[in-house]
Amino acid sequence: MKELKIFDSYKDAVKDLKNGISIMIGGFGGEGGQPTNLMLALRNLNIKQLTLIGNVAGISMVTGYGWTNKKEAIDQSIFFKNKQVRKIICSFPVPAQQNPISEIEKAWKNKETIVEVIPQGTLAEKIRAGGSGIPAFYTKTGLGTIVEKNKEKKIINGKKYLLEHALQADVALIKAEIADEFGNLIYKGTSRNFNAVMASAANITIVESEIILETGEIDPHHIHTPAIYINRIVKSNE
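Caption draft 1: Highlighting the environment of E125. Within the secondary structure layout, E125 lies in helix α5 (residues 120-132). Residue class for E125 comes out partly exposed when judged on its relative accessible area of 27%. With 12 residues separating them along the chain, E125 and F137 place their C-alpha atoms 8.8 Å apart.

Caption draft 2: Local environment of the sheet that holds strand β8 (residues 159-165). Read from one edge to the other, the open sheet built from three strands follows the order β6-β8-β7, with strand pairing classed as antiparallel. At either end of the open sheet lies a strand with only one pairing partner, and these are β6 (136-139) and β7 (153-156). Neighbour-to-neighbour, the strand axes of the sheet open up by a mean angle of 40 degrees, direction not taken into account. Where β7 lies against β8, four bridges are found, and the strand directions are antiparallel. The residue bridging K153 from the neighbouring strand is L162, located in β8. Each of β6 and β8 is contacted by α5, which is oriented at about 155 degrees to β6, the strand it contacts most.

Caption draft 3: Focus on the nonpolar core. One finds I23, L38, L42, L52, F79 and L173 to be the most contacted residues of the largest nonpolar core, which totals 31 residues. For this core, the secondary-structure elements that each account for two or more residues are α1 (10-14), β2 (22-25), α2 (36-45), β3 (50-53), α3 (77-81), β4 (85-90), α4 (103-109) and β9 (169-180). Among the elements that take part in this core, α2 stands out by supplying five residues, more than any other. With residues up to four places along the chain from it excluded, the contact list for I23 reads L42, L50, T51, L52, I53, A169, V171 and L173. The next biggest cluster of nonpolar side chains, apart from the first, holds 24 residues, and it includes L123, A169, L185 and A199.

Caption draft 4: Layout of the packing of α5 against helix α6 (residues 192-199). Where α5 contacts α6, the axes come no closer than 8 Å and their chain directions differ by 25 degrees. Our classification of the angle between α5 and α6 gives roughly parallel. Handedness of the α5/α6 crossing: left-handed. Residues Q120, L123, A124, I127 and R128 of α5 touch α6, and the partners they reach there are F194, V197 and M198. Among the residues forming the contact of α5 with α6, the class breakdown is six nonpolar, one polar and one charged.

Scoring rules and cut-offs
Residues numbered from 1 in each chain as written. Predicted model: local features only at pLDDT ≥ 70, side-chain atom pairs only at ≥ 80, totals over all residues. Heavy atoms only, no water. Helix = DSSP H or I, 4+ residues; strand = E, 2+ residues; numbered from the N terminus. Buried < 20%, exposed > 50% of the residue type's maximum accessible area, 1.4 Å probe, protein only. Pairing = 2+ DSSP bridges. Axes fitted to C-alpha atoms, helices over the stretch in contact; angles between N-to-C directions. Contact = heavy atoms within 4.5 Å. Core = buried A, V, L, I, M, F, W, Y, C linked by side-chain atoms within 4.5 Å. Parallel < 35°, antiparallel > 145°, perpendicular 65-115°, else oblique. Left-handed = near helix turned anticlockwise from the far one by under 90°. Nonpolar A, V, L, I, M, F, W, Y, C, P; charged D, E, K, R; others polar.

What follows is the structure, given as structure tokens:
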């Protein structure tokens, strides 16, 4: 069982993270299911040379999504604006249309950051494999596209497949709707898509939860992520 610590502030939950680490960031699209407060704490920590892994980046700045009236769009762009990112691995690095271009696209075009684009389902499976001890798997997704560049190919039962390697990270920042003080989690809606698989694929998993209950208050049949994968939970009054 991993040791679990419950923190009273987002700042304290991330304060020991170092330059050069890899970080998975949960969420499916935009700010729903995204650990926004942990992300802001990480930005404010100002560590550099990060490798970010997540489904989307820059998507909450898309006109018409309902977030454009905010003073600050909270997505992975905040780390690029702060010059913290060496590489990002994701499915949607920039919106389809945006003027002016995002901080991520600026860094990409200026060759300040490496951007690796992976199909959404493949990305989820790479992370799931990383948390399950599966080193690699074959898939047809990406054949005949830029995705297959420099990847091993194999014929299986007369069909061609690409070899995809598992993904793991030093740290995962994830968002739960409900946690208990033992570390069991429940997610809401599409939050289950990436938060759940990331929880098991990192050396340290840090959770931002809307509600924290006492141990035993969550019905075991309703648990989405068991406590064994969780290291830190933020119980914040901020």
